[in-house]
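Descriptive analysis of the structure
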Amino acid sequence: MVTSCFKMFLNPGQIDEYTRRHDDLWPALSDLLKGQGIVDYRIYFDSDTDQLIAFLSHDGRLSDAELKAAPIMQQWWQYMAELMQTHANNEPTSVPLTCVFTLD
């Protein structure tokens, strides 16, 4: 199992809408994520900083390039862009985080 963690940046006051949209995650996007071998994907919110902390675990089949190029992912990014910091192509701005401890 491969696990990664990263942070994204929510615009102030957008957590309720961000949560609502994820509660109604599009089935086609869910299928894409699962089809890429993602078995666990969690996003946490830090209200002090408006940062989103994401943990993603996959079985090793994940292709970042394929995932980013998928039309449904592009549509999701566009749908979410007004709520968070993004690049010009609407991909959320993210920063990878380094794991410094694991309890096995």
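This one's a predicted model, so the numbers in the text were calculated from it and none came from an experiment.

**What about the environment of Gln51?**
Among the secondary structure elements, Gln51 is positioned in strand 3 (residues 51-58). For Gln51, a relative accessible area of 18% translates into the label buried. Excluding its chain neighbours within four sequence positions, the residues that come into contact with Gln51 are Lys7, Met8, Phe9, Tyr44, Phe45 and Asp46.

**Looking at the pattern of salt bridges**
Following the criterion strictly, the structure yields eight salt bridges and no others. The closest approach of N and O atoms between Glu82 and Arg21, which form a salt bridge, is 2.6 Å. Here Arg21 lies in helix 1 (residues 15-23) and Glu82 lies in the loop between helix 4 (71-80) and strand 4 (94-97), a separation of 61 residues in the sequence. Taking the shortest distance from any N to any O, the salt bridge between Arg61 and Asp59 comes out at 2.9 Å. Note on Asp59: relative accessible area 39%, which makes it partly exposed. When salt bridges with common partners are traced through the structure, they connect Glu17, Arg20, Arg21, Asp24 and Glu82 into a single cluster.

**Re a nonpolar patch on the surface**
Among the surface-exposed residues, Val100, Phe101 and Leu103 lie close enough to one another that they form a single nonpolar patch of about 440 Å² accessible area. With a relative accessible area of 73%, Leu103 lands in the exposed category.

**Some remarks on the sheet that holds strand 1 (residues 2-9)**
Whenever strands of a sheet pair, they do so through backbone hydrogen bonds, lying parallel or antiparallel. Within the open sheet, the four strands sit side by side as 2-3-1-4. Their pairing is antiparallel. The two strands at the open ends of the sheet, each matched to only one other strand, are strand 2 (38-46) and strand 4. This sheet shows a mean twist of 25° between the axes of neighbouring strands, independent of strand direction. For strand 1 and strand 4, the ladder comprises four bridges, and the chain directions are antiparallel.

Cut-offs used in this document
- Residues numbered from 1 in each chain as written.
- Predicted model: local features only at pLDDT ≥ 70, side-chain atom pairs only at ≥ 80, totals over all residues.
- Heavy atoms only, no water.
- Helix = DSSP H or I, 4+ residues; strand = E, 2+ residues; numbered from the N terminus.
- Buried < 20%, exposed > 50% of the residue type's maximum accessible area, 1.4 Å probe, protein only.
- Contact = heavy atoms within 4.5 Å.
- Salt bridge = Lys/Arg side-chain N within 4 Å of Asp/Glu carboxyl O.
- Patch = residues over 30% accessible without salt bridge, like charges linked within 9 Å, V, L, I, M, F, W, Y side chains within 5 Å.
- Areas by Shrake-Rupley, 256 points an atom, 1.4 Å probe, with all protein chains shown as cover.
- Pairing = 2+ DSSP bridges.
- Axes fitted to C-alpha atoms, helices over the stretch in contact; angles between N-to-C directions.

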